[in-house]
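One-letter residues, chain by chain:
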Amino acid sequence: MATMGAKLVTAPGTTLMEQVTDGPSGFTGVEGTSGWAQEIKRLARMRNATILAHNYQLPEIQDVADHVGDSLALSRIAAEASEDTIVFCGVHFMAETAKILSPGKTVLIPDQRAGCSLADSISADELRAWKAEFPNAVVVSYVNTTAAVKALTDICCTSSNAVDVVASIDPDREVLFLPDQFLGAHVKRVTGRENMHIWAGECHVHAGINGDELQDQARTHPDAELFVHPECGCATSALYLAGEGAFPAERVHILSTGGMIDAAKAATSNQVLVATEIGMLHQLRKAAPGIDFQAVNDRASCKYMKMITPAALLRCLVEGRDEVHVDPETAARGRGSVQRMIEIGNPGGGE
Ligand code: SF4
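In short, a report on the structure. (Residues numbered from 1 in each chain as written. Predicted model: local features only at pLDDT ≥ 70, side-chain atom pairs only at ≥ 80, totals over all residues.)

Considerations on the sheet that holds strand 8 (residues 106-108)
Part 1 of the reasoning: Taken together, the 4 strands give an open sheet; going across it, the order is 6-5-7-8, and neighbouring strands pair in parallel fashion. Since the sheet does not close on itself, it has two edges, and those belong to strand 6 (67-69) and strand 8, each with one partner. The sheet shows a mean angle of 25 degrees between the axes of neighbouring strands, direction not considered.
Part 2 of the reasoning: With 5 bridges joining them, strand 5 (residues 49-54) and strand 7 (residues 85-89) adopt parallel strand pairing. Residue pairing in the sheet places Ala53 in a bridge with Cys89 of strand 7. (Pairing = 2+ DSSP bridges. Helix = DSSP H or I, 4+ residues; strand = E, 2+ residues; numbered from the N terminus. Axes fitted to C-alpha atoms, helices over the stretch in contact; angles between N-to-C directions.)

Structure follows, in structure tokens:
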């Protein structure tokens, strides 16, 4: 295992790395100071690594990264990067997707315990059993799935192109849609498709974004616009509920990450409610400091995303782990389902 010493001395005889402690909720013990950021950049250069951070990461991780974005955009950046090591600050299925699209590169995640409750809501064995019940069905999977599930999938989708993907399938073929039940219900409503079976998966974060809460917010913020970022398990319920009339339609904007930043810069209202994971607020407030951005649900914080701490990123760059492995056959089959997704409609950025 390659190891690179973190040289920054913070107290007599104490290097930053010596302060890292491991616990059940991740690595802690190091603050995201400017000294830490300099050390992270130095170590990344020594490793010839580029640091990618998802929009839901802690602000200090977003600020030290070379690129910030959603999962698909980051996977594309990973594939095109000149560096041969990718440090993916996000959850595990995202780092796996980057590995699937960049099989020749070393992909590191600062803490491999950073999972995703939505991706974990269906295993490869469960999908195999479901497929056996419907042997002629076409399997459509949201990008929040493990590499093993992607390998058993015909076409991946994001919430931006889920409707186009399902509409592209022969109307006589049954569809198995997984794992997000809210996105599935939205697609079924829009396409009117009856022969579509939906897996009952969900993200723990979006359980808090409910119809009553959206209606309350609409009433108490009569001039605010609502931005919904549906490329996320935590906002697909808001997408579904907005479609059911829980918030006045003329004030609802369904936006990708990039679209949300552009809309923030162009917004005329003073207040914008945001239905997504709260990490997204950091980029929005940087893009449009004059607007009061408020989370629809300020408890919508993904504990897995927040496992990528300053201590975890330091350990990752010092010790060269945790490395993400996807066996070549699984990666090749998974790559096929992701590529079919990219060919149909505009996939946007994924979560
Ligand atoms: S917010 Fe939900 S869907 Fe997104 S990574 Fe976290 S658990 Fe998964």
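What to know about the sheet that holds strand 16 (residues 292-295)
Part 1 of the reasoning: The 4 strands lie next to each other as 14-13-15-16, forming an open sheet whose pairing is parallel. Taken across any chain shown, the strands that pair with only one partner, and hence form the sheet edges, are strand 14 (252-254) and strand 16. Each neighbouring strand pair of the sheet contributes to a mean axis angle of 25 degrees, computed without reference to strand direction.
Part 2 of the reasoning: Here strand 15 (residues 271-275) runs beside strand 16; their pairing, made up of 4 bridges, is parallel. Within strand 16, the position partnered with Leu273 by the bridge is Gln294.
Part 3 of the reasoning: Across the sheet, helix 12 (residues 280-287) is in contact with strand 15 and strand 16; its angle to strand 16 comes to roughly 170 degrees. (Contact = placed C-beta atoms within 7 Å.)

Overview of the pairing of strand 9 (residues 138-142)
Part 1 of the reasoning: With 4 of 5 residues buried, strand 9 is to be regarded as a mostly interior element.
Part 2 of the reasoning: Bridge analysis of strand 9 against strand 11 (residues 175-178) gives 4 bridges, and the strand direction is parallel. Bridge assignment links Val140 to a residue of strand 11, and that residue is Phe177.
Part 3 of the reasoning: Bridge count between strand 9 and strand 10 (residues 155-157): 3 bridges; the pairing is parallel. (Buried ≥ 20, exposed ≤ 12 C-beta atoms within 10 Å, placed from the backbone.)

Side note on the packing of helix 3 (residues 71-80) against helix 4 (residues 92-101)
Part 1 of the reasoning: Helix 4 packs onto helix 3 with a crossing angle of 40 degrees between their chain directions and a minimal axis gap of 9 Å. As for the relative orientation of helix 3 and helix 4, their crossing is right-handed in sense. Seen from helix 3, the contacting residues are Ser71, Leu74, Ser75, Ala78 and Ala79; seen from helix 4, they are Met94, Thr97, Ala98 and Leu101. (Left-handed = near helix turned anticlockwise from the far one by under 90°.)

A closer look at the nonpolar core
Part 1 of the reasoning: One finds Leu52, Val87, Phe88, Cys89 and Leu314 to be the most contacted residues of the largest nonpolar core, which totals 106 residues.
Part 2 of the reasoning: With 7 residues, the single largest contributor to this core is helix 13 (residues 310-319). (Core = buried A, V, L, I, M, F, W, Y, C linked by C-beta atoms within 7 Å.)

Remarks on helix 8 (residues 181-191)
Part 1 of the reasoning: Looking only at helix 8, the buried set comprises Phe182, Leu183, Gly184, His186 and Val187.
Part 2 of the reasoning: Taken from the residues just after helix 8, Gly192 is the one with a positive phi, measuring 70 degrees.

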